[in-house]
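Residue strings, one per chain:
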Amino acid sequence: MDKMHLEIVTPEGLIFSNDVKMVVLPGKEGEFGVLPGHAALVSLLDVGLVDIENVDGSHDIVAIDWGYAEVSENKVDVLVEGAVQVGGDSESEIGKSIAKAKDIVKKMASEGSNLNVAFSKIENFARIR
C-alpha cells in the first residue's frame, strides 16, 4: 500500500480530493504526518498549512482554519471551517490564492514564529510552481 485517499472539505464544499503518498497536518498539539497504513485516529486541527505529497511526488499546500481530521488505514478526511488551496493556472490566480491563504493563517498571530514559517512556506511553494 503506497497511497491513501485525502479529502479536505469545508461547509462551502470540497477543496481537495486525490490519492496521496503522505500528508502533514497542523494538529492542535503540533504538526503530524500520516502515511498509508497509519493507525486510525481522530484529531483536532489548528490554523495552519496542510502539506500534501501527491503520488507523482509533487506537493500541494492547503491553508486551513480549525477543524478535525479522521485518519483510517487508507483514507484521511479533513473537515475544516475554511480552506484555500495555494496555486492556480495563472499568476493572477496564484496571487489571489496566496493572499487568501495568508488571510487564513494570520489567525496564527499569537504564535509569531509559526506565522512567519507558514508565510515562508506559502511563498516558497508559489515560487516553485
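The preceding data block contains the structure.
All values reported here derive from a predicted model rather than from experimental measurement.

Caption draft 1: Expanded view of the pattern of salt bridges. Under the criterion given, the structure shown has three salt bridges. For the salt bridge of Asp19 with Lys3, the shortest nitrogen-to-oxygen distance reads 3.5 Å. Of this pair, Asp19 sits in strand S2 (residues 13–27) while Lys3 sits in the segment before strand S1 (4–10); the two residues are 16 residues apart in sequence, bridging distant segments of the chain. Residue class for Asp19 comes out partly exposed when judged on its relative accessible area of 28%. Residue class for Lys3 comes out partly exposed when judged on its relative accessible area of 41%. A salt bridge links Asp77 to Lys75, with the shortest nitrogen-to-oxygen separation between them at 3.6 Å.

Caption draft 2: Structural detail: the packing of aromatic side chains. The final tally for this structure, using the stated rule, is one aromatic pair. Aromatic pair Trp66 and Tyr68: ring centres 6.1 Å apart, planes at 80 degrees, arrangement edge-to-face. Look at Tyr68 and you get partly exposed, because its relative accessible area is 43%.

Caption draft 3: Highlighting the pairing of S2. Taken together, the seven bridges between S1 and S2 define a ladder with antiparallel strand orientation. Looking across to S2, one finds that Ile8 is bridged to Phe16. Across four bridges, S2 lies against strand S5 (residues 48–54) in antiparallel orientation. For Val23, the partnering residue across the bridge sits in S5 and is Ile52. Here S2 runs beside strand S3 (residues 30–34); their pairing, made up of five bridges, is antiparallel. Across the sheet, Leu25 pairs through a bridge with Phe32, a residue of S3. Hairpin connection of S2 to S3: two residues between the antiparallel strands.

Caption draft 4: A look at helix H1 (residues 91–105). In a regular helix each residue adds 1.5 Å, so 15 residues correspond to 21 Å; H1 covers 21 Å between its end C-alpha atoms and thus fits that length. Of the residues making up H1, those classed as buried are Ile94, Ser97, Ile98, Ala101, Ile104 and Val105. Down the axis, H1 shows its buried residues gathered within 120 degrees of arc, on one side only. Exposed side chains of H1 directed beyond 90 degrees from the buried face belong to Lys96 and Lys100.

Caption draft 5: The arrangement of the nonpolar core in detail. Counting residues in hydrophobic clusters, the biggest one holds 20 residues, and the most contacted among them are Leu6, Ile8, Val23, Leu25, Ile52, Val76 and Val78. For this core, the secondary-structure elements that each account for two or more residues are S1, S2, S3, S5, strand S6 (59–64), strand S7 (67–72) and strand S8 (75–80). Here this core gets four residues from one element, more than from any other, and that element is S2. Other than its neighbours up to four places away in sequence, Val23 contacts Met4, Leu6, Phe32, Gly33, Val34, Val50, Asp51, Ile52 and Val76. Of all hydrophobic cores here, the second largest spans eleven residues; its members include Ala63, Val86, Ile98 and Ala101.

Conventions used here
- Residues numbered from 1 in each chain as written.
- Predicted model: local features only at pLDDT ≥ 70, side-chain atom pairs only at ≥ 80, totals over all residues.
- Heavy atoms only, no water.
- Salt bridge = Lys/Arg side-chain N within 4 Å of Asp/Glu carboxyl O.
- Helix = DSSP H or I, 4+ residues; strand = E, 2+ residues; numbered from the N terminus.
- Buried < 20%, exposed > 50% of the residue type's maximum accessible area, 1.4 Å probe, protein only.
- Phe/Tyr/Trp six-rings, centres within 6.5 Å; stacked < 30°, edge-to-face > 60°.
- Pairing = 2+ DSSP bridges.
- Expected span 1.5 Å × (residues − 1).
- Arc of directions from axis to C-beta.
- Core = buried A, V, L, I, M, F, W, Y, C linked by side-chain atoms within 4.5 Å.
- Contact = heavy atoms within 4.5 Å.

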